[in-house]
Amino acid sequence: MAKTLVVVESPAKAKTIEKYLGPDFAVRASFGHIRDLPKSDLGVDVDEGFTVTYEVPDDSKKHVAELKKAHKVSEELVLATDYDREGEAIAFHVATLLGVDPERAKRVTFTEITRDAILEAFAHPREIDLRLFDAQEARRVLDRLVGYKISPILWRRVRPGLSAGRVQSVAVRLIVEREREIRAFVPVEYWSVDVRLAPDGDEHAFLARLTQIPEGRLAASPDKKGIVLATEAETGTHAERLRRASYRVTKVERKERKRSPAPPFTTSTLQQEAARKLGFGARKTMSIAQRLYEGVDLPGEGTVGLITYMRTDSVNLAESALREIAGFIRTEYPSGYSLAEPRRYRTRARNAQEAHEAIRPTSVLRHPGRVGGALDRDQLRLYTLIWQRTVASQMAEARFNQVGVDIEASVDGLTYGLRATGQTLLFDGFIRVYREGRDEGPDEDAEARLPELEAEQLLRMLDVLPEQHFTQPPPRYTEASLVKTLEERGIGRPSTYASIISTIQDRGYVRLQDKRFFPEDVAEVVTDKLVEHFPDIVNVNFTAEMEEDLDEIAEGEMGRVQVLREFYDPFHEALERAEEKFERYVEELDEECPRCIEEGRTP
DNA sequence: CAGTGAGCGAGCTTCCGCTTGACTT
């Protein structure tokens, strides 16, 4: 009975690790955080070194009881929670609640759930990083202070039940500001001219775009450098001349263009791509991914987890996975499709903690076609997406033949310039398996064929096609583009993207209509007030700056109390000013009071 | 006397991030 109790965060992970560690270990899950600030009280003494009161939330009580029970019958405790700031804090709290001194507790971390990685990690236990824990606690306290100090002002001055927070208030602000850009947007008219040309007969006709008029170079659109054809009349003058002009090829440029596959999925990119390709909302994507992670019953194999952990900001793949994928590609595809060396990606998201791998199939040998029978339609569609993206990320680049042709048109002693571009696929590479979807804008990989042309060749004009355009306002955010923007700014975490989207709707700040976010009036009022009274906190850079401070705590360059004090003193002053100056907002109701009408009053 | 309405006080709402079920929209 000389068992060691190992605590991880997720029960699915517990099962896998227990299998790797063997019978001397009992692995149990904490189910995330098990201790938190009280819900109905600030729980922070701002005058006494930001002392924190913790309690075990009701939902965690049974998990704590389970851990205590398992701890009683084991000799040793190993904390194997996630390798990030929150995981370090969970480790600290588990140790504390089990009566183990956090300074002496054994801590083990890994970023891949593979047998080798686990055994290696357990061979080199360390201690809990108390500075990292301090950083987490500072983060928690700061979020509590922001949320629980500002929200009540909104209840009193705007509407009961409203909320403000480091993350949600910035999300709402982005949506409000985008709406204002759209409102203020004035479309600008501009014209393009395409000329249909052919080397000889009509069958090889192609389009060339007017790029140069006698007065100078044209702009591709009004926001770019160059001359803009702003009116139909002006465009018509050039079109009329182009109809009479003679055309000659001046230059043919051929080059090869390569395209690399997108990196494996993170939570954010999975949510974006599932929205683009499958039309799933963030919440739906996450719950389906959770099912795939927890495992499905496969005939002959029992319950198997099909994908790695779905809440991650890392694009890394485990070495063992890279080997398996490379082997799979070598056997399933012709030789040109595999890579000599694995392709490695770098995380571009700010604030990434990379405690896990990228989201990938636990084995690419479980082809979607093989596991399809055990999955429902949506599960299979999401699994297929993950499988394809992962395999494609380790396949050869696609190669395109790109041709650019410059054409000169002469008329009345004037010279015009046109350009035609063509692109053909030389080698499909990773595109054979998977291509990333697009939000807006043209398809860069679309094929456009040009006939064989050479310099000095004369061309026949078949048609001149002027076309009217208007500049477009920026698009309203979708769930996917909002998540993308938040991630790029380092705001929010993989475990919270879906709930941020819910919160800002539940509070009545924004609504989704045709999959686009529209702000309600209350969002505009609250955003303006927050920008007026708490400009630092609703700044999109606030989180990034906070992260720098937290890093300094973790590095031992600053203390938790010092960071919180430097935040809180000016914040406290802003709160007092707001308490005084934040004028009450009286909502105008759209609908009339039913009783007033009944009783013959005007409200 | 019964019903109505004004006035008052008490109690509630809220953050972010880590995990799953338990649900009843």
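Nothing here was measured: the structure is a model prediction, and the numbers come from that model.

A. Highlighting unusual backbone geometry. Positive phi, close to 75°, is recorded for Glu456, a residue that is not glycine. Within the fold, Glu456 resides in the loop between β15 (414-427) and β16 (458-470).

B. Local environment of the domain arrangement of chain A. Under the domain assignment used here, chain A contains domain 1 (4-128), domain 2 (136-184 + 475-598), domain 3 (189-259 + 403-426 + 455-470) and domain 4 (267-392). Each of domain 1 and domain 2 was reduced to a C-alpha centroid, and the two centroids are 31 Å apart. The interface is formed by 17 residues belonging to domain 1 together with 16 residues belonging to domain 2. When domain 1 packs against domain 2, the two sides together hide about 1,500 Å² of surface, and 56% of this comes from carbon and sulfur. Interface area lost by domain 1 to domain 2 is led by Leu42, Phe50 and Arg85, which between them contribute 43%. Counting every contact that joins domain 1 to domain 2 gives three salt bridges. The salt bridge involving Asp36 is made with Arg140; its shortest N-O contact spans 2.8 Å. In this assembly, domain 1 and domain 2 are joined by twelve residue pairs in polar contact (both at pLDDT 80 or more). For the side of domain 1 that touches domain 2, the secondary structure elements donating two or more residues are β4 (51-52) and α3 (85-97).

C. Broad picture of the packing of helix α6 (residues 168-184) against helix α13 (residues 479-488). Where α6 meets α13, the axes come as close as 11 Å, and the angle between the chain directions of the two elements is 120°. Between α6 and α13, the angle is such that the two are oblique. Along this stretch, α6 crosses α13, giving a crossing that reads as right-handed. In this structure, α6 uses Ala171, Leu174 and Ile175 to contact α13, whose residues at the interface are Leu482, Thr485 and Leu486.

D. Inspection of the pattern of salt bridges at higher detail. Under the counting rule described, the total for this entry stands at 46 salt bridges. If you follow the salt bridges from partner to partner, you end up with Glu273, Arg276, Lys277, Arg389 and Glu436 in one network.

E. Local environment of the pairing of strand β17 (residues 510-513). Across four bridges, β17 lies against strand β18 (residues 516-519) in antiparallel orientation. Its bridge partner lying in β18, Val510 is registered against Pro519. Counted between consecutive antiparallel strands, the loop separating β17 from β18 contains two residues, among which Asp514 sits at a positive phi close to 50°.

F. Region of interest: the layout of surface pockets. Each pocket or cavity is described by its volume, and for the second largest pocket that value is around 860 Å³. Forming the boundary of the second largest pocket are 33 residues, of which Thr16, Lys19, Tyr20, Gly305 and Thr362 lie nearest the centre. Mapped onto the lining of the second largest pocket, the elements with two or more residues apiece are α1 (11-21), α9 (282-294), β13 (302-304) and α10 (319-332). Top contributing element to the lining of the second largest pocket by residue count: α1, with nine residues.

G. Molecular detail of the packing of α6 against helix α14 (residues 497-506). Packing of α6 against α14 leaves a shortest axis separation of 10 Å and a crossing angle of 70°. What the angle tells us is that α6 and α14 run roughly perpendicular. In this structure, α6 contributes Gln168, Ala171, Val172 and Ile175 to the contact, and α14 contributes Ile500, Thr503 and Ile504.

H. A look at the sheet that holds strand β7 (residues 126-127). What the five strands build is an open sheet, ordered β2-β1-β5-β6-β7; its pairing is mixed. In this open sheet, the two edge strands, each paired with only one partner strand, are β2 (25-29) and β7. Sitting on the sheet, α1 touches β1 (4-8) and β2, and the angle it makes with β2 is about 170°.

I. Main features of empty space enclosed by the protein. All chains considered together, the criterion is met by two cavities of 30 Å³ or more. Each pocket or cavity is described by its volume, and for the largest cavity that value is around 50 Å³. Around the largest cavity sit Asp313, Ala349, Arg350, Asn351, Ala352, Glu487, Gly490, Gly492, Arg493, Pro494 and Tyr497, which together line it. A per-class count over the lining of the largest cavity returns four nonpolar, three polar and four charged. Shared between two domains, the lining of the largest cavity takes at least three residues from each, and those domains are domain 2 (136-184 + 475-598) and domain 4 (267-392). In this structure, the second largest cavity occupies an estimated 30 Å³ of space. Lining the second largest cavity are Ser163, Ser169, Val172, Tyr509, Val526, Thr527 and Leu530. Mapped by element, the contributors of at least two residues to the lining of the second largest cavity are α6 and α15 (521-533). Take the lining of the second largest cavity: its biggest share by element is three residues, from α15. Among the residues making up the lining of the second largest cavity, the classes are represented as four nonpolar, three polar and no charged.

Calculation notes
- Residues numbered from 1 in each chain as written.
- Chains lettered and ligands numbered in written order.
- Predicted model: local features only at pLDDT ≥ 70, side-chain atom pairs only at ≥ 80, totals over all residues.
- Heavy atoms only, no water.
- Helix = DSSP H or I, 4+ residues; strand = E, 2+ residues; numbered from the N terminus.
- Domains from an automatic or database assignment.
- Contact = heavy atoms within 4.5 Å.
- Buried area = accessible area lost by both parts, 1.4 Å probe.
- Salt bridge = Lys/Arg side-chain N within 4 Å of Asp/Glu carboxyl O.
- Polar contact = N/O pair within 3.5 Å; in protein donor to acceptor, adjacent residues only side chain to side chain.
- Axes fitted to C-alpha atoms, helices over the stretch in contact; angles between N-to-C directions.
- Parallel < 35°, antiparallel > 145°, perpendicular 65-115°, else oblique.
- Left-handed = near helix turned anticlockwise from the far one by under 90°.
- Pairing = 2+ DSSP bridges.
- 1 Å grid on protein atoms, 1.4 Å probe; cavity = no way out; pocket = protein on both sides within 12 Å on 5 of 7 lines; lining within 4 Å.
- Points joined across faces, edges and corners; volume = space filled by probe spheres on them.
- Nonpolar A, V, L, I, M, F, W, Y, C, P; charged D, E, K, R; others polar.

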